[in-house]
Amino acid sequence: MNWWQKKSVYQIYPKSFLDTAGNGTGDLRGVIKKLDYIKSLGAGAIWLTPIYDSPQVDNGYDIADYTSIDPRFGTMADFDELISEAKARDIKIVMDLVFNHTSDRHAWFKESKSSRNNPKADWYIWRDEKTNWRSIFGGSAWEWCEERQQYYLHTFATAQPDLNWANPEVRQALYDAANFWNKRGVGGFRIDAIVYIKKPSEFKDGIVDSDDGLSSIHNIIAATDGILDYLREFKEKVFDGRDIFTVAEANGVKPENLSEWVGDNGVFDMLFEFSHVNIMFSNGVEIWHRSNLYKLSEWKKALSDSQNATRESWYPIYFENHDRPRSVNTFFPAGSDKILAAKALATILFTLRGTPFIYQGEELGFENAKFNSIDDYDDISTRGNYDLARADGLSDKQAMKFVQKFSRDNARTPMQWDTSKNAGFTSGKAWLPVHDDFTACNVEIQEKNPDSVLNFYRKLSKLRNSSDVLISGEYEELYPENEELYIFTRKSGDKKFMTIVNFTTHEVEMPAQILKGGKKVMGNYSDEKNYLRATEATIYEF
Ligand code: GLC
C-alpha cells in the first residue's frame, strides 16, 4: 500500500479558504495557518486548485504562467514554506495541472496568435473555418482572432485557448512545467480536463442539440482514440519513478475502460470519473435545465461499477469539489435532515474502497449558496448555462431554479471559521458572499460539539485510517435493486464491515438476517433500533 492509499486528501479552493491579507481573497499563508486543522481530519495530502499567475477568468484554471505563484495567493517563498510546514505534519501538497489549455494571456498564446509563421504558430488549434461545436461554458468553441485572421479552439471559455498536444514541443514544455513542481517537492498532481487534449483527426459539425444551433464539444472530443499514447509519454516524463500520486479528471471515461487508464497497465493512479456525480445528466453533458430524475439504484450502480472496475487498481472517492453543488443538497431528498445527511455521505466516503477526497466545507456539512439574481454569481459556467436556458425558452425564474441547484458557486462560498464578521474568512470584503448560515455552521462551533459533522469526520477518518479491512478489503454491494437503502460490505479474510444508509425521510425495515453477528461501530444516530430511521447511516463490524 502507498501512503496516498492509507489517508484521505483534503481539497482546498485557496481563493475561498482563509484570507490573511485582508483583500477579500484567500491566500497561501491562510493555508499554512490551518495545517493543524487539516491534520486533525486525518488527511495525508492537500490538493490546491490552481494558484498560478492567472487573469482569473475561470478562477485560476486560465493560467498565464505555469511556473509562478499568482501574487493574490502569495509568493514562491510562501509556497516553499507551505511544502515544508505541511511536511512537518506528514502532509503533502498536490498541484493542479491544467494542460488542455492556457490563458489567452499566456506568452505562448500571445506569440502564437501574432502571425501564421511565428515559432509557436502551431502551439494552439488554429483553423480557417469553424465547426458548430459548443464550448463547455456555452457559446461557440471557436473565437475569431483579428491579428492572425483565423479561428482558435477553446473547449472551455474564450480566454482558455486549447493547446495543440500533437506538437511535441508543446508536450515537452508542459512536462518541463510539471517537473518544475516535482523539483519543489510536491506530493502529486490532480490533472485537469485531461480527456480533451487529443482532438479528432477530422473537424466536422456535430448533431445540433439545442436552440442555439450548436453541438456539445464534449461528445465530439472526449477521450479521442490515441489519447493514451500522449498520456503514456506524459507518465514516463513526469510521474515514473517518483513517490507521488496522480489523479486525473476524466469526464467520459467509462468504468469498462478504466483498466487502460489506471493501475499497473494504466497511466494514472486514480481517475475522477463523473458517473455518480452527473448521473442527472445524459451523456455527461451538463446542461442544467435538462437534468433528469434518477433512481437510487442507478446511483448505487454507478458507484459499484467503479468499485468493481478498480478492484486491481485504486479509486478516488468523492461527492464534492469546486465544480459541484454541495452534496447534502444533491444526493438526499428534499426534507432530509442536513446534519444527518452530511454524516451519512461521510459514512459512505470513508467506507468505500479508495482514497476519500474531502472538499473544504464538506466536513462541516455546508449547504448550497442562496443567491437570488444571476448577477450575484461569479462563475463563468453559471452564466453560460443560464444563457443557454434562456435561449431554450426558459424564463428568468425558471432558469434561476437550475442555477441555484447546480451552480459551481454553490461550493465556492468562503470557509466558515467562526461567528465573527465574514465568518472569520476575511477582514475585508469577501470576493463571494459568505453563506448566511455561518453563525450556526462554522468550525469554532463544531469543534466544541462532540456530535458535530466535523467531529464525525474525525472519528470516521480514525476508523478508516487504522483499519486494513476498510483500506483495502474487497467491496460487495447487497440488495442493489433496493430503492431506499445503500448496503455494502468490505471484506478481508474473516473480517468484515458493513455500511447501511437509509436514503429516505422515513423509517425503513432492516433486511432480514444481514446483521447477524454484527456489532455497531458508529453511526449518525447514537442508539440502535432494529429498523432504520430517516437518513440513518451505520457501520457494523463482523
Ligand atoms: C476542470 C476544472 C474546472 C475548470 C475546467 C477548465 O473541469 O475542475 O473548475 O473550469 O476544468 O479548466
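Residues numbered from 1 in each chain as written. Predicted model: local features only at pLDDT ≥ 70, side-chain atom pairs only at ≥ 80, totals over all residues. Heavy atoms only, no water.

1. Quick look at the sheet that holds strand E18 (residues 519-523)
Heads up, the condition is: When DSSP finds two or more bridges between two strands, those strands count as paired. Helix and strand definitions follow DSSP, with helices as H or I runs of at least four residues and strands as E runs of at least two, each counted in order from the N terminus. An axis is simply a line fitted to the C-alpha atoms; with a helix, the fit covers only the stretch in contact. Between two such axes, the angle follows the N-to-C directions and lies from 0 to 180 degrees.
Spatial ordering of the open sheet is given by E14-E15-E16-E20-E18, a layout of five strands whose pairing is antiparallel. The open sheet has two edge strands with one neighbour each: strand E14 (474-478) and E18. On average, each strand axis in the sheet is inclined to that of its neighbour by 25°, with strand direction left out of account. Where strand E15 (residues 485-492) meets strand E16 (residues 495-502), eight bridges bridge the pair, whose relative direction is antiparallel.

2. Notes on the nonpolar core
As a reminder of what qualifies: Nonpolar cores are built from buried Ala, Val, Leu, Ile, Met, Phe, Trp, Tyr and Cys residues. Side-chain atoms within 4.5 Å join them into one set. Relative accessibility thresholds used throughout: buried, under 20% of the residue-type maximum; exposed, over 50%; partly exposed, between the two (1.4 Å probe, protein chains only).
Counting residues in hydrophobic clusters, the biggest one holds 168 residues, and the most contacted among them are Leu-48, Phe-79, Phe-189, Phe-234, Phe-268 and Trp-299. Here this core takes eight residues from helix H12 (residues 338-351), the largest share from any one element. Core analysis: the second largest hydrophobic core is formed by 10 residues, Leu-485, Met-498, Ile-514 and Leu-532 among them.

3. So, the packing of helix H13 (residues 380-391) against helix H14 (residues 396-406)
Stated precisely, the cut-off is as follows: Each crossing is labelled by how the near helix is turned from the far one, with a counterclockwise turn of less than a right angle marking it left-handed and a clockwise turn marking it right-handed. Contact criterion: two residues are considered in contact whenever any of their non-hydrogen atoms come within 4.5 Å of each other. Amino acid classes used here: Ala, Val, Leu, Ile, Met, Phe, Trp, Tyr, Cys and Pro are nonpolar; Asp, Glu, Lys and Arg are charged; the rest, including Gly, are polar.
For the pair H13 and H14, interaxial distance at closest approach is 9 Å and the crossing angle is 145°. At the point where H13 passes H14, the crossing takes the right-handed sense. Judged by residue contacts, Thr-382, Tyr-386, Ala-389 and Arg-390 of H13 engage Asp-396, Ala-399, Met-400 and Val-403 from H14. A per-class count over the contact of H13 with H14 returns five nonpolar, one polar and two charged.

4. So, the site of the ligand
Note the cut-off: The rule for a residue being near a molecule or strand is that one of its heavy atoms must lie within 4 Å of it. Identification of polar contacts relies on pairs of N or O atoms within 3.5 Å, with a donor-acceptor requirement for protein atoms, meaning one able to donate a hydrogen and the other able to accept it, and with residues adjacent in sequence counted only if both atoms are side-chain atoms. Values of accessible area rely on a 1.4 Å probe in the Shrake-Rupley scheme; residue burial ignores everything except the protein chains shown.
Every one of the 13 residues lining the ligand counts as a neighbour, but Asp-58, Asp-192, Glu-249, His-322 and Asp-323 are closest to it. His-101 is positioned such that a nitrogen or oxygen atom in its side chain is 2.9 Å from an oxygen atom of the ligand. Take Arg-408: an N or O atom from its side chain is 2.9 Å from an oxygen atom of the ligand. Protein chains bury 96% of the 310 Å² of accessible surface belonging to the ligand in isolation. Taken together, the residues of the shell around the ligand sort by class into three nonpolar, three polar and seven charged.

5. Quick word on the domain arrangement of the chain
Operational definition: The source of the domain bounds is an automatic or database domain assignment. As a working definition, buried area equals the accessible area (1.4 Å probe) given up by two parts on being put together, with both sides summed. Salt bridges are defined as contacts in which a side-chain nitrogen from Lys or Arg sits within 4 Å of a carboxyl oxygen from Asp or Glu.
Taken domain by domain, the chain consists of domain 1 (3-102 + 168-199 + 221-372 + 434-465) and domain 2 (471-541). Domain 1 and domain 2 are separated by 27 Å when their C-alpha centres are compared. The junction of domain 1 with domain 2 conceals about 2,600 Å² of combined surface from both sides, 68% of it contributed by carbon and sulfur atoms. On the domain 1 side of the contact with domain 2, Leu-296, Lys-300 and Leu-340 bury the most area, a combined 23% of that side's loss. Inspection of the region where domain 1 meets domain 2 yields two salt bridges. Between Lys-300 and Glu-477 there is a salt bridge; the shortest N-O distance is 3.9 Å. Counting every contact that joins domain 1 to domain 2 gives 13 residue pairs in polar contact (both at pLDDT 80 or more). Residue assignment for the side of domain 1 that touches domain 2 shows that the elements contributing at least two residues are helix H1 (3-6), helix H10 (296-309), H12 and helix H16 (453-465). The element contributing the most residues to the side of domain 1 that touches domain 2 is H10, with eight residues. By residue class, the composition of the side of domain 1 that touches domain 2 is 16 nonpolar, 10 polar and nine charged.

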